[in-house]
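What follows is the residue order along each chain.
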Amino acid sequence: MRIARFSIDGNVAFGAVEGDKPDELVLDIIKGIPFADFELSGTKVPLSKVRLLPPVLPNKVVAYGRNYADHAKELGNEVPDVPFAFFKPSTSVIGPGDDIQYPAFSADVHHEAELAVVIGRMCREVPRERVKDVIFGYTCANDITARDVQKREKQWARAKGFDTSCPLGPWVETGLDLETAADLTIQLTVNGEQRQLGRTSEMIHSIEDLIVNISEAMTLLPGDVILTGTPAGVGPLTVGDEVAVTIEGIGTLTNKVVKRG
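For clarity, every value in this text was computed on a predicted model and none was experimentally measured.

J.: Help me get a handle on the sheet that holds strand 13 (residues 145-146), residues and values and all.
T.: Pairing between sheet strands relies on hydrogen bonds along the backbone, with the strands arranged either parallel or antiparallel. Taken together, the 3 strands give an open sheet; going across it, the order is 13-10-18, and neighbouring strands pair in antiparallel fashion. This sheet does not close on itself; its edge strands, each paired only once, are strand 13 and strand 18 (235-236). Summarising the sheet, strand 10 (residues 109-111) and strand 18 pair through 2 bridges and their orientation is antiparallel. The partner of His-111 across the bridge, within strand 18, is Gly-235.

So this is what it looks like as structure tokens:
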């Protein structure tokens, strides 16, 4: 099931996305929230009539760096022996169609297409065999990075955490199992030109590895997001660019880059 979060007539709701053709998609509004038992209301609205929002509002976004060997190599970094985590604040999250605002303190902003894992229940110290039980679903992410600031500052808080630096969407796909999610095509285009192309099977540390790693240290909450790293091909964005992340079996997340006002 594809679960979207949307606004219509000033109201915010979750809905199940139905249909196959992009111009015929509809939303069946969910009664309640999708992280608990819920029912479909049977009230349906065309997707074209709503504004899609970030599919979740995470308490925290835990991101993992250098989790694809070719990406680490292209930036001249060594592959870490253990998962390498950092955070993006909730204020960095935007949804499909929202603008990525180019920060005034950077002159070298890059795209990074990533598979995002959405947590479905409160959990801590998750054993490997239970990882599948705490996953709500998967969505597309773009780990927008101020590369010059990342190189200049030892901490990545500003380089990775500025406002609008974490596009998520277009919805959460709940129908993928771990085995399927571990081998999906992930690609990114800028203005229709392909920049990144890889498979999630190229990850150094698996989805299970990452969730075991972070849940050893902290409690994960429903709606929290884990970013799993980016394949090779990262590169610069400029004002006016349209950047799109497409992940097999999930969908496409599209955003435009604008000058920060």
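J.: A description of the pattern of salt bridges should follow, citing residues and the corresponding values.
T.: Pairs can form between side chains of opposite charge whenever their charged atoms are close. Summed over all chains, the structure comprises 14 salt bridges. Here Arg-199 and Glu-248 are joined by a salt bridge, their closest N and O atoms 3.5 Å apart. Taken together, the residues span a long stretch of sequence, with Arg-199 in strand 16 (residues 193-199) and Glu-248 in the loop between strand 19 (242-247) and strand 20 (251-259) at a distance of 49 residues. Look at Arg-199 and you get partly exposed, because its relative accessible area is 29%. Salt bridges sharing partners connect three or more residues here, namely Lys-88, Glu-112, Asp-143, Arg-147 and Lys-160.

J.: Outline unusual backbone geometry, supporting the account with residue identities and numerical values.
T.: Cis geometry is adopted by the peptide bond preceding Pro-170, which originates at Gly-169 and carries an omega value of 5 degrees. Of note, Pro-170 is situated in strand 14 (residues 166-173). Despite not being glycine, Asp-9 has its phi angle at roughly 55 degrees, a positive value. Phi is positive for Asn-191, close to 55 degrees, though the residue is something other than glycine. One can find Asn-191 in the loop between strand 15 (185-190) and strand 16.

J.: Tell me what's going on with the pairing of strand 20, and back it up with residues and numbers.
T.: Alignment of strand 9 (residues 99-102) against strand 20, held across 4 bridges, turns out to be parallel. Note that in strand 20 the partner of Tyr-102 across the bridge is Lys-259. Between strand 19 and strand 20, which pair antiparallel one after the other, the connecting turn spans 3 residues, and Gly-249 there sits at a positive phi close to 80 degrees.

J.: With reference to specific residues and values, describe the sheet that holds strand 19.
T.: Taken in spatial order, the 5 strands of this open sheet run 9-20-19-15-16, and their pairing is mixed. Either end of the sheet is taken by a strand with one partner, and the two such strands are strand 9 and strand 16. Strand after strand, the sheet turns through a mean of 20 degrees between neighbouring axes, direction not considered. Examined bridge by bridge, strand 15 and strand 16 share 6 bridges and lie antiparallel to one another. Bridged to Thr-189 within strand 16 is Gln-194.

How each quantity is defined
Residues numbered from 1 in each chain as written. Predicted model: local features only at pLDDT ≥ 70, side-chain atom pairs only at ≥ 80, totals over all residues. Heavy atoms only, no water. Pairing = 2+ DSSP bridges. Helix = DSSP H or I, 4+ residues; strand = E, 2+ residues; numbered from the N terminus. Salt bridge = Lys/Arg side-chain N within 4 Å of Asp/Glu carboxyl O. Buried < 20%, exposed > 50% of the residue type's maximum accessible area, 1.4 Å probe, protein only. Axes fitted to C-alpha atoms, helices over the stretch in contact; angles between N-to-C directions.

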